[in-house]
Amino acid sequence: MASFETVAKQFVDFYYTTFDTDRKQLAALYRDNSMLTFESGQQLGATNITEKLLSLPFQKVAHKIEMLDAQPTATGGIMILVIGKLLVDEEQQPLSYSQAFHLTQDSNGQYFVYNDIFRLVYG
């Protein structure tokens, strides 16, 4: 079995590559009991989370990960904190962001996003 650090790195690489190229494909990473907090607005369930991600007001986005920290949880999950920058559409000034993921395993041992918290960092 892969270490939690390896799983975290692979997950983050996959998540942001998919987000930047085809956001609707992120639905497979969430379940009906998953929750997203995006700039203080909350969405519950894979369908609502995907709708929120698809409704974001930009066509192009590119994430650049600056820091990634991960820890195992007592229940076999993984907590991940990402600090990075993103460019949207034709903007030249990147926006700083932080995003936290709590990955947990389903009954088949597959990791999914149970909690996802995203916040732009100003200043």
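Given the structure is predicted, the values throughout are model-derived calculations rather than measurements. In this convention, every chain numbers its residues from 1, walking through the sequence in written order. Reporting in this predicted model follows two pLDDT cut-offs: at least 70 for local features of residues, and 80 or more for side-chain atom pairs to be given and counted; totals over whole chains, interfaces and linings ignore these cut-offs and use all residues. Side-chain numbers come from the whole structure's heavy atoms, not from hydrogens or water.

Novice: Explain the sheet that holds strand S1 (residues 30-38) residue by residue, including any values.
Specialist: In this analysis, strands are considered paired if DSSP registers two or more bridges between them. Secondary structure elements are defined from DSSP: runs of H or I of at least 4 residues count as helices, runs of E of at least 2 residues count as strands, and each element is numbered from the N terminus. As summarised here, the arrangement of the six strands in space is S2-S1-S6-S5-S4-S3, forming an open sheet in which the pairing is mixed. The outermost strands of the open sheet, each flanked by one partner alone, are strand S2 (41-44) and strand S3 (61-72). Across this sheet, the average inter-strand angle for adjacent strands is 15°, counted without regard to direction. In the sheet, S1 pairs with S2 via four bridges, with the strands oriented antiparallel. Only the stretch in contact is used when a helix axis is fitted, and all axes are lines through C-alpha atoms; the angle between N-to-C directions ranges over 0 to 180 degrees.

Novice: Provide a residue-level description of helix H2 (residues 46-54), including the pertinent values.
Specialist: Residues three or four positions apart in an α-helix share a direction because the helix packs 3.6 residues into each turn. Think of it in three bands: with a 1.4 Å probe and only protein chains considered, a residue is buried below 20% of the maximum accessible area for its type, exposed above 50%, and partly exposed in between. Taken residue by residue, H2 has Ala46, Ile49, Thr50 and Leu53 as its buried positions. Looking straight down H2, one finds that the buried residues subtend no more than 95° of arc, so they occupy a single side. Whether two residues are in contact is decided by their heavy atoms, any of which lying within 4.5 Å being enough. On its buried face, H2 sits against helix H1 (4-21), S1 and S2. When we speak of the arc, we mean the arc of directions from the helix axis to the C-beta atoms.

Novice: Could you give an account of unusual backbone geometry, naming the residues involved and the relevant values?
Specialist: Despite not being glycine, Glu39 has its phi angle at roughly 50°, a positive value. As for its placement among the helices and strands, Glu39 is situated in the loop between S1 and S2. Of note in this structure, Asp89 is not a glycine but carries a positive phi near 45°. Examined against the element boundaries, Asp89 turns out to sit in the loop between strand S4 (78-88) and strand S5 (95-105). With a relative accessible area of 32%, Asp89 lands in the partly exposed category.

Novice: How would you summarise the nonpolar core if you had to cite specific residues and measurements?
Specialist: Membership of the largest hydrophobic core comes to 29 residues, with the highest contact counts inside it found for Phe11, Tyr15, Phe19, Tyr30, Leu53, Ile80 and Phe101. When residues of this core are traced back to their parent elements, those giving at least two are H1, S1, H2, S4, S5 and strand S6 (111-121). Aside from chain neighbours lying at most four places away, what touches Ile80 is Ala8, Phe11, Val12, Leu68, Asp69, Ala70, Gln99, Ala100, Phe101 and Leu103. Throughout this description, the term nonpolar core refers to a set of buried Ala, Val, Leu, Ile, Met, Phe, Trp, Tyr and Cys residues connected via side-chain atoms within 4.5 Å.

Novice: Kindly report on the pairing of S3, identifying the contributing residues and their values.
Specialist: As a general feature of sheets, a regular strand has side chains that alternate between the two faces. In terms of strand pairing, S3 meets S4 through eleven bridges, oriented antiparallel. Residue pairing in the sheet places Lys64 in a bridge with Lys85 of S4. Where S3 hands over to S4, the hairpin turn is made up of five residues, of which Gly76 adopts a positive phi near 90°.

Novice: Can you break down the UniProt feature "domain: NTF2" (unreviewed entry) in the chain residue by residue, with the values?
Specialist: UniProt positions are given in the numbering used here, feature names are shortened, and annotations may be inferred rather than shown by experiment. Within this structure's numbering, the places UniProt gives as "domain: NTF2" (unreviewed entry) are residues 7-120. Taken end to end, residues 7-120 has its terminal C-alpha atoms 25 Å apart, with 21% of it in helix and 50% in strand.

Novice: Just give me the short version of the environment of Ser40, but keep the residues and values in it.
Specialist: Structurally, the position occupied by Ser40 is in the loop between S1 and S2. Note: C-alpha distance between Ser40 and Glu5 (35 residues apart in sequence) is 28 Å.

Novice: Summarise the packing of aromatic side chains; cite the residues concerned and give the values.
Specialist: Aromatic rings from Phe, Tyr and Trp, taking only the six-membered ring of Trp, are treated as a pair when their centres fall within 6.5 Å; an angle between ring planes under 30 degrees marks them as stacked, one over 60 as edge-to-face, and anything in between as tilted. This structure, assessed with the given rule, holds ten aromatic pairs. With a centroid separation of 6.0 Å and 40° between ring planes, the pair formed by Tyr15 and Phe19 is classed as tilted. With Tyr15 and Phe19 both in helix H1 and four residues apart, the pair spans about one turn of that helix. What makes Tyr15 buried here is its relative accessible area of 0%. Between Tyr15 and Phe101, the aromatic rings sit 4.9 Å apart at their centres with planes inclined by 65°, giving edge-to-face as the arrangement. Taken together, the positions of Tyr15 in helix H1 and Phe101 in strand S5 put the pair 86 residues apart, joining distant regions of the chain.

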